[in-house]
Amino acid sequence: MADVSTILQPIILPDTSAGAEPRSYWSTVGERLVHDRITLAVGAMLLCVILLAIFAPWAATHDPLQGSVLRRLKPVGTPGFFLGTDEIGRDIWSRLVYGGRLSLICGVTPVALATLIGGTLGLVAGIGGRVVNMAIMRVVDVFYAFPSVLLAIAICGVIGAGIGNTMLSLMIVFTPPIVRVTESLTAQVKNRDFVEAARASAAPLHAIIRHQILPNVLGGMLVYATSLVGISIILSAGLSFLGLGVTPPNPEWGLMLNALRQAIFVNPIVAALPGLAIVLTSLCFNLLSDGLRSAMDIKLPS
Amino acid sequence: MNVPLSSDDRGGTAQPLLIVRDLKKHFPAKGSFWRLSRDKVQAVDGVSFSVAKGQTVGVVGESGCGKSTTARLLLHLIEPDAGEVIFDGEGVGAPGGIGVRDLRLQMQMVFQDSYSSLNPRATIADIIAFGPRMAKRVPSRQAHDRAGGLLEQVGLQPSLFARRYPHELSGGQRQRINIARALALEPRMLILDEAVSALDKSVEAQILNLLADLRRDLGLTYLFISHDLNVVRHVSDRVVVMYLGRIVEAGDVGAIFRRPSHPYTQALLRAMPSMDPDRRTEASLLTGDPPNPINPPSGCRFRTRCAFAEEVCARVSPALDDIAGGHQVACHMMVPGSGHSRAGTICAGHD
Amino acid sequence: MAQFIVLRLLHTILILFGVSIVAFGLIHLIPGNPLDILLPPEAPKEVVERLKVEFGFDKPLYIQYLAWLGRVLQGNLGTSVFTGLRVTGELLSALGNTFVLAIPAALLGFSLGITLGTLAAFNHGRLLDKLFSVIAILGISMPHYWLGIALVIVFAVLNPVLPAAGMGGGGGFPANWDEARHLILPVITLSMIPMGVIGRIVRSTVLEILSQEFPTALQAKGLQHRRMVWHVLKNAAPPALAVMGLQLGFLLGGSILVETVFNWPGSGQFMNLAIFRRDILVLQGTVLVLASFFVIINLLVDVLQALIDPRIRR
């Protein structure tokens, strides 16, 4: 039988299968994000909200803390106070704009901190041996036994109100889910062939974590964390609504919602406005998270 | 075989590069979490063989026979339960011997091409440079230059491929990267675990040729694991046949393929489809079902599918005995006085 | 299967222990003397002394914990220093009111979510699907208490059709149409988030299943469309069940906000009042009971999942 292999000689292969420029995973993701119209729109809106919050002193028309009994509960469209005034006579638009600062901070900070702490714990649990994994995950399970709203309220109820305590309590609430997601991602990545190859190359553990495992876990974590920001905004507003979060007279959307509750009989539209702000912002983050997940779910050619 | 000795050589030409003695690995079976059940998967159960310098030893067997586990045990990616691995005369992990880390600098593995054998987030150059940079502290620029050289050696143009990502490459190209990555640490031995199994036939031929050239140019030693008998026949000098965690036959490639002596080997060879229209695939010698690796049959593990099994096969495990100049078989039929009715009456390569 | 249940049971008991420790530790989280926290500052001296002995604050922590645990297991959650009533009784009746709210909300949210999610998946890419996606994502982006307020505005203030607050009766399940009317707005409000979450999970799971080959294979074998849908749903059940269990927990814990909006005398308001009055004892008992319920519900959901999907039994 003729030896087929001698017919084919090894040759320097031309690069026939790829495009002109190398495209990294993240640049592909970025490209897909930019082409997704919904994500673009949402991103733009979010940018507006953030800019308004940052430049609140310029965007607001009045001092958010100053009210006048004479101007209580004016309706939308009142000249000078185009979104109306609240029950103490303060301009709602200005309070919304300043409130954006607090709400965004209360939304993003706890999630960011929880991602840092929870991500590290999840990585350790995923990579460490069985004992370490069990220890961490069982503690996480205990915290998972509390519905998040319940836990947030209980912690705040105990340690008191205030923006710092609110963020602390939310951070505690969000850390266990992030640990779970990170641990699950890490465990999956750890078993893939290229990690085994990295181990076989005698590289030290920290290099393997940093170059092989981490880059493949971060994406999933990012998607999840973004989806948590929306929830964080709602939860922190809810805590303020109950009197457990930010304290008056600070402008915060949840607080405004509560204060205006009595106003629904007098001026219902005005009472609904802070809620609208919460919905919009939270919606933006959720859609962003969805868009990110779709963009990252690339069915790569084999 | 005249192989130029590498600069890292310790033992000389006569010293086998790799000696494996009585390697064992048992996994707790699923469901035995609380160790309530004593079920163990006997993945590798007493495997011994050796690989001479410059040789290619092929390891064949069906899925689940323990070949891949053996490969990982050699590199200590999984910790063995028992047995020793001796590399160029020095025991691995033994006091006074060679450490696992140093072993890995001399023995590397080429994985089966699957999407997950290359880090999807890294460039090709990064992937190849990772080992030298992290394990041998080679500076980044130098490691990347070397990566370019390796790419050329495996037949890929560095200017086109170095900055690409795995998902942009074809299967054959990815396998060349796998090989380049393994070579980056300048090993003396390569373990190829089903390295060509996932490739189209024409690509497979190219890769096999590449491997042959590399072996010649770099003075490498290969352990070639595959379930494809044709490929193993083509590349190996010696062949080891595994069944359910044990070696059943070992010998020179010519002896194994022309004079197979163990019933399992014979059955495997019978089942190989042939291009020759005069050779028809005959009925299989195998009877019965493939047994459970969790509770393997007592004595000879092949006896439940062997047409010649007798009572002695259930009582006594056959040892791997030398029957003729380096040809080893683990079967009672080949050993005179073993208690088997056909013992001693058969010559190597019986039909 | 039995082994699975036993293991899960053991796991659950461990978790319940952890929960009890957390609940117990709530008091001691606060800096300062726990007694000062429990009692208003103007409490008479002999009350303080009596409580000190009763709670054993002078003994080491683990003994306090064990004593407390012992009392709890006998059903004694203590006596509120404010109302003088036993916590257990008050809590249970408040919990009952919450159930009156939570169960219909769960049924509404789950059934709507499953139906809409399945419909959306089967009509992937068409208008129905997009419409559903919008509703679902609005459902989860919205603070449900705000929705409650909005509903109240629309249905109770602008066009007074439904009652704005209260249970309308003496508590417990609605005995007549008037009491039932009080249920409508709060139940709709509470069901929004579960509907959104379940709907999305069902939709994505069903889509994933449909993208596999076996539904097509089933149809090729000549199976009726309806039967094929049933098969697909059976496969989609396990993850959906898991999320439903979690949502039940949300309904138990998240009801506090809706109850505040609608002045509903449930466990949420009970807890709210306790927080307002700094009645830590009541808070402790409530947290313990609600969390324990959640854990047990999750256990039941896990067992149900394992019954349906044999792969989970490990």
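Residues numbered from 1 in each chain as written. Chains lettered and ligands numbered in written order. Predicted model: local features only at pLDDT ≥ 70, side-chain atom pairs only at ≥ 80, totals over all residues.

Chemist: A description of the overall build of chain C should follow, citing residues and the corresponding values.
Modeler: Counting secondary structure elements, chain C contains twelve helices and zero strands. Going from N to C terminus, chain C has its helices and strands arranged as α-α-α-α-α-α-α-α-α-α-α-α. For chain C, with 314 residues in total, the buried portion stands at 39%. Long-range pairs, those at least 24 residues apart, make up 72% of the contacts in chain C with a sequence separation of at least 6. (Helix = DSSP H or I, 4+ residues; strand = E, 2+ residues; numbered from the N terminus. Buried ≥ 20, exposed ≤ 12 C-beta atoms within 10 Å, placed from the backbone. Contact = placed C-beta atoms within 7 Å.)

Chemist: A description of the overall build of chain B should follow, citing residues and the corresponding values.
Modeler: Within chain B one finds eleven helices and twelve strands. Evaluated residue by residue, chain B yields a buried proportion of 46% over its 351 residues. When contacts within chain B are restricted to residue pairs at least 6 apart in sequence, those whose partners lie at least 24 apart make up 63%.

Chemist: So, the sheet that holds strand E5 (residues 90-91) of chain B: which residues are in play, and what are the values?
Modeler: All names here are of chain B. Pairing is antiparallel across the open sheet formed by four strands, whose spatial order is E2-E1-E4-E5. Since the sheet does not close on itself, it has two edges, and those belong to strand E2 (40-51) and E5, each with one partner. Looking at chain direction, strand E1 (residues 18-28) and strand E4 (residues 82-87) are connected through five bridges and run antiparallel. Residue pairing across strands places Leu18 opposite Phe87, the latter belonging to E4. Contacts from helix H1 (residues 67-74) reach E1, E2 and E4, with the element oriented near 65° to E2. (Pairing = 2+ DSSP bridges. Axes fitted to C-alpha atoms, helices over the stretch in contact; angles between N-to-C directions.)

Chemist: Describe in detail the environment of Asp237 of chain B, supporting the description with residues and values.
Modeler: Residues and elements named next belong to chain B. Looking at the secondary structure, you find Asp237 in the loop between helix H8 (229-235) and strand E9 (238-243). For Asp237 and Val253, which are 16 residues apart along the polypeptide, the C-alpha to C-alpha distance reads 5.5 Å. Discounting residues that sit within four places of it in the chain, Asp237 has contacts with Gln55, Thr56, Val57, Asp252 and Val253.

Chemist: Explain the interface of chain C and chain A to me, using residue names and the numbers behind them.
Modeler: The interface is formed by 40 residues belonging to chain C together with 34 residues belonging to chain A. Secondary-structure elements contributing two or more residues to the side of chain C that touches chain A are helix H1 (2-29), helix H6 (127-141), helix H7 (144-158), helix H10 (225-262), helix H11 (267-276) and helix H12 (280-308) of chain C. Across the side of chain C that touches chain A, the residue classes break down as 33 nonpolar, seven polar and no charged. (Nonpolar A, V, L, I, M, F, W, Y, C, P; charged D, E, K, R; others polar.)

Chemist: Can you lay out the sheet that holds strand E3 (residues 56-60) of chain B for me, pointing to particular residues and giving the numbers?
Modeler: Residues and elements named next belong to chain B. Spatially, eight strands are ordered E6-E7-E8-E3-E9-E10-E12-E11 in an open sheet, and the strand pairing comes out mixed. Looking along the sheet, the strands with just one partner apiece sit at the ends: strand E6 (107-110) and strand E11 (321-324). For this sheet the average axis-to-axis angle between neighbouring strands, irrespective of direction, equals 20°. Judged from the two bridges that link them, strand E10 (residues 246-252) and strand E12 (residues 327-329) form a sheet pairing that is antiparallel. Its bridge partner being in E12, Glu249 is matched across the sheet by Val329. Each of E3, E6, strand E7 (189-193), strand E8 (221-226) and E9 touches H1; the most contacted strand, E7, lies at about 150° to it. Packed on one face of the sheet, helix H6 (residues 171-183) meets E6 and E7 and runs near 170° to E6.

Chemist: Mind laying out the confidence of the model for chain C, listing which residues take part and the relevant values?
Modeler: Residue and element names in this part refer to chain C. Chain-level pLDDT for chain C is 78 on average; 79% of the residues reach the 70-or-more range. Within chain C, the element-level pLDDT minimum falls on helix H2 (residues 34-38), averaging 59, and the maximum on helix H5 (residues 87-122), averaging 87. Two numbers describe this predicted complex: its pTM, 0.82, and its ipTM, 0.81. (pLDDT = per-residue confidence, 0-100.)

Chemist: Lay out the packing of helix H11 (residues 268-296) of chain A against H6 of chain C with the relevant residues and their values.
Modeler: As a packed pair, H11 of chain A and H6 of chain C sit with axes 9 Å apart at the nearest point and diverge in direction by 120°. Relative to H6 of chain C, H11 of chain A is oriented oblique. Helix-helix and strand crossings are classified by hand; for H11 of chain A and H6 of chain C the assignment is right-handed. Contact with H11 of chain A, carried on its side by Val279, Ser282, Leu283, Asn286 and Leu287 of chain A, involves Ile137, Leu138, Ile140 and Ser141 of chain C of H6 of chain C and no other residues of that element. Considered class by class, the residues forming the contact of H11 of chain A with H6 of chain C number six nonpolar, three polar and no charged. (Parallel < 35°, antiparallel > 145°, perpendicular 65-115°, else oblique. Left-handed = near helix turned anticlockwise from the far one by under 90°.)

Chemist: Run through the nonpolar core, naming residues and quoting values.
Modeler: Counting residues in each nonpolar core, the largest one holds 154 residues, and the members touching the most others are Ala145, Ala152 and Ile153 of chain A together with Ile198 and Ala291 of chain C. When residues in this core are grouped by element, the largest group, 16 residues, is from H10 of chain C. Every residue in contact with Ile198 of chain C, bar those within four places of it in the chain, is listed here: Gly109, Phe110, Gly113, Ile114, Gly117, Ala240, Val243, Met244 and Gln247 of chain C. In terms of nonpolar packing, the next biggest core, distinct from the first, is built from 102 residues, Leu103, Val110, Ile128 and Phe224 of chain B among them. (Core = buried A, V, L, I, M, F, W, Y, C linked by C-beta atoms within 7 Å.)

Chemist: Requested: an account of the packing of H11 of chain C against H12 of chain C, with residues and values cited.
Modeler: All names here are of chain C. Between H11 and H12, the least distance of the axes is 9 Å, while the angle of their chain directions is 150°. As the angle between them shows, H11 and H12 are arranged roughly antiparallel. Note that H11 runs across H12; the crossing there is left-handed. Packed against H11, whose contacting residues are Ser267, Phe270, Met271, Ala274 and Ile275, the element H12 presents Val282, Leu283, Thr286 and Leu290 at the interface. Partitioning the contact of H11 with H12 into residue classes produces seven nonpolar, two polar and no charged.

Chemist: Before we move on, can you summarise the environment of Ser141 of chain C with the specific residues and values?
Modeler: Turning to its location among the elements, Ser141 of chain C is positioned in helix H6. Counting along the chain gives 55 residues from Ser141 of chain C to Gly196 of chain C, while the straight-line C-alpha distance between them is 9.3 Å. Not counting the four nearest positions on each side in its chain, Ser141 of chain C is found in contact with Gly230, Val279, Ser282, Leu283 and Asn286 of chain A.

Chemist: Residue-level account of the confidence of the model for chain B, with values.
Modeler: In this model, chain B carries a mean pLDDT of 84, and residues with pLDDT of at least 70 account for 89%. Looking across chain B, the model is least confident in E11 of chain B, with a mean pLDDT of 84, and most confident in E3 of chain B, with 94.

Chemist: Let's hear about the pairing of E6 of chain B: which residues, and what values?
Modeler: Residue and element names in this part refer to chain B. On E6, burial covers both faces: Met107 and Met109 on one face and Gln108 and Val110 on the other are all buried. Relative to E7, E6 runs parallel, the two sharing four bridges. Note on E7: the bridge partner recorded for Met109 is Ile191.

Chemist: Which residues make up H10 of chain C, and what are the values?
Modeler: The periodicity of an α-helix, 3.6 residues per turn, causes residues three or four places apart in sequence to face the same way. Residues and elements named next belong to chain C. Taking 1.5 Å of rise per residue, 38 residues should cover 56 Å, yet H10 covers just 44 Å from first to last C-alpha, more than 12% shy of that figure. Where H10 bends most, at Ala237, the angle is about 45°, and the proline Pro238 comes one to four residues later. A positive phi of about 55° marks Asn263, the residue just after H10. (Expected span 1.5 Å × (residues − 1). Bend = angle between axes of the 7 residues up to and from the residue.)

Chemist: So what's going on with the pairing of E10 of chain B? Which residues, and what values?
Modeler: Consecutive side chains along a regular strand alternate between the two faces of the sheet. Residue and element names in this part refer to chain B. Of all seven residues in E10, six are buried, a share of seventy percent or more. Relative to E10, E9 runs antiparallel, the two sharing six bridges. Bridged to Met242 within E10 is Ile247. Counted along the chain from E9 to the antiparallel partner E10, the turn is two residues long, and its residue Leu244 has a positive phi close to 50°.

Chemist: Provide a residue-level description of unusual backbone geometry, including the pertinent values.
Modeler: Residue and element names in this part refer to chain B. At Asp22, a residue that is not glycine, the phi angle is positive and equals roughly 55°. Within the secondary structure, Asp22 is located in strand E1. Residue Asp22 is classed as exposed on the basis of its C-beta count, with 12 C-beta atoms lying within 10 Å. Its identity as a non-glycine residue notwithstanding, Leu244 has a phi of 50°, on the positive side. Here Leu244 falls in the buried class, since 23 other C-beta atoms lie within 10 Å of it.

Chemist: Requested: an account of the environment of Ile149 of chain C, with residues and values cited.
Modeler: Relative to the assigned elements, Ile149 of chain C resides in helix H7. For the pair Ile149 of chain C and Phe262 of chain C, spaced 113 residues apart in sequence, the C-alpha to C-alpha distance is 8.5 Å. With near-sequence residues (within four places) excluded, Ile149 of chain C lies in contact with Arg261, Ile264, Ala271, Ala272 and Gly275 of chain A together with Val261 of chain C.

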